[in-house]
Amino acid sequence: MYQRHENLEHFIRVARTLFQAPALPEAGRQTAVKVFERLEQPSDDGKRNRARYPACDLLDASLAPLLDDSTSLGDAARAIKTLEPAIGWQRRTSGANGSEDYVEKHVNGMICGPGGMESRYDLQLGFSLLAPHTRYPDHRHPPEEAYVLLSAGEFRQRDGDWFDPGIGGGLHNPPNSLHAMRSGTTALLALWCLLV
Ligand SMILES: [Fe+2]
């Protein structure tokens, strides 16, 4: 029987706290409540994304500013570092308006979800990592999702203005609504959770 590793259990506990921060919109917190309820039940089909990509090398530098932080953000950064060897990496190659070379300059780390450390299909919990000056393509997907930022970064929903929720802040994307993100002069690191 599958037994969840204690490092993953710890990360999930920390992430659950981050996704309930008052700085998130209420709808984002609500999405997260449902995701983390499902996560109370460990589940893994053993499928792992084994590939690594160039942007994975940005992870250490992106976590570094938070490693000495005594808040939940620091807890999350330290927890992600312990999970790194087991993260399932993947990249988006579709969608419109991505910056040149965005495929090489970003990576998504799946922690719980298809191909991740806990491979399952009822939810996704992971993060996006964008190199500086990278715009992720406009995209949409049926699952609603919530984000929490671990760095500076800008987001756009539908045809609205770009905005930076701030470190520890976040946003909520309703089902099938168009959205995008972009980094500025520093790398963007943002946790997401999706209710599938
Ligand atoms: Fe998305």
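Structure first, text after, so check above.
What you see is a predicted model; the values in this text were computed from it and never measured.

Regarding its fold elements, the protein chain presents four helices and eight strands. Helices (α) and strands (β) of the protein chain occur, in sequence order from the N terminus, as α-α-α-α-β-β-β-β-β-β-β-β. For the protein chain, the C-alpha radius of gyration of 15 Å lies close to 16 Å, the compact-globule estimate for 196 residues. Expressed as lengths along the three principal axes of its C-alpha atoms, the size of the protein chain is roughly 45 × 35 × 35 Å. Counting over 196 residues, the protein chain shows a buried share of 49%. For the protein chain, long-range pairs separated by at least 24 residues make up 70% of all intrachain contacts whose partners lie at least 6 apart in sequence. Averaged over its 21 positive side-chain charges, the protein chain has a centre that lies 3 Å from the centre of its 25 negative ones.

The next thing to look at is the packing of aromatic side chains. The tally for this structure, following the rule as stated, stands at three aromatic pairs. For the cation-ring pair, Arg182 lies above Trp162, with the distance from its terminal atom to the ring centre recorded as 4.2 Å.

For the rest of this paragraph, the subject is unusual backbone geometry. Notably, Asn97 is not glycine yet its phi reads approximately 70°, a positive angle. On the secondary structure map, Asn97 appears in the loop between strand S1 (88-90) and strand S2 (106-112). According to the relative accessible area criterion, Asn97 is exposed, its value standing at 53%. A positive phi angle, close to 50°, is found at Arg158, a residue other than glycine. Within the secondary structure, Arg158 sits in the loop between strand S5 (154-157) and strand S6 (170-173). A relative accessible area of 51% places Arg158 in the exposed class.

Right, let's talk about the sheet that holds S2 for a bit. One open sheet holds the six strands; their spatial order is S1-S2-S3-S8-S4-S6, and the pairing between them is antiparallel. Two strands lie at the open edges of the sheet, namely S1 and S6, each paired on one side alone. Shown here is a sheet whose adjacent strand axes are inclined to one another by a mean of 25°, direction ignored. As paired strands, S1 and S2 are joined by three bridges and run antiparallel to one another.

With that settled, consider the pattern of salt bridges. Within the structure shown, the criterion is met by 16 salt bridges. A salt bridge links Asp57 to Arg52; the nearest nitrogen and oxygen atoms lie 3.2 Å apart. Given a relative accessible area of 57%, Asp57 falls into the exposed group. The network of salt bridges with shared partners includes Arg4, Glu9, Glu118, Arg120 and Asp122.

Time to look at helix H2 (residues 26-38). An ideal rise of 1.5 Å per residue puts 18 Å on 13 residues; H2 measures up with 19 Å between its terminal C-alpha atoms. Regarding H2, the residues found buried are Gly28, Arg29, Thr31, Ala32, Val35 and Phe36. Along the long axis of H2, the arc covered by the buried residues comes to 160°, so they all point the same way. Those residues of H2 that are buried are in contact with helix H1 (6-18), strand S3 (123-130), strand S4 (144-149), S6 and strand S8 (188-195).

Listed as protein donors to the iron ion are His139 (NE2), His141 (NE2), Glu145 (OE) and His179 (NE2); their distances from the metal cover 2.2 to 2.3 Å. Classification of the site at the iron ion as irregular follows from its four donor atoms and the range of 70 to 148° in their angles at the metal. Counting along the primary sequence, the residues that act as donors to the iron ion give the motif H-x1-H-x3-E-x33-H. Under the relative-accessibility criterion, Glu145 is labelled buried at 2%.

Attention now moves to H1. The end-to-end C-alpha separation of H1 is 19 Å, in line with the 18 Å expected for 13 residues at 1.5 Å each. For H1, the complete set of buried residues consists of Leu8, Phe11, Ile12, Val14, Ala15 and Leu18. Down the axis, H1 shows its buried residues gathered within 170° of arc, on one side only. In H1, those exposed residues whose orientation departs by more than 90 degrees from the buried face are Glu6 and Arg13. As for H1, its buried residues are in contact with H2, helix H4 (72-83), S2, S3, S4 and S8.

What counts and what doesn't
Residues numbered from 1 in each chain as written. Predicted model: local features only at pLDDT ≥ 70, side-chain atom pairs only at ≥ 80, totals over all residues. Heavy atoms only, no water. Helix = DSSP H or I, 4+ residues; strand = E, 2+ residues; numbered from the N terminus. Rg over C-alpha atoms; globule rule 2.2 N^0.38 Å. Buried < 20%, exposed > 50% of the residue type's maximum accessible area, 1.4 Å probe, protein only. Contact = heavy atoms within 4.5 Å. Lys, Arg positive; Asp, Glu negative; His and termini not counted. Charge placed at Lys NZ, Arg CZ, Asp CG, Glu CD. Phe/Tyr/Trp six-rings, centres within 6.5 Å; stacked < 30°, edge-to-face > 60°. Lys NZ or Arg CZ within 6 Å of the ring centre and 35° of its normal. Pairing = 2+ DSSP bridges. Axes fitted to C-alpha atoms, helices over the stretch in contact; angles between N-to-C directions. Salt bridge = Lys/Arg side-chain N within 4 Å of Asp/Glu carboxyl O. Expected span 1.5 Å × (residues − 1). Arc of directions from axis to C-beta. Donors = N, O, S within 2.8 Å, 3.2 Å for Na, K, Ca; no water. Tetrahedral: all angles 85-135°; square planar, octahedral: opposite > 155°, others 65-115°.

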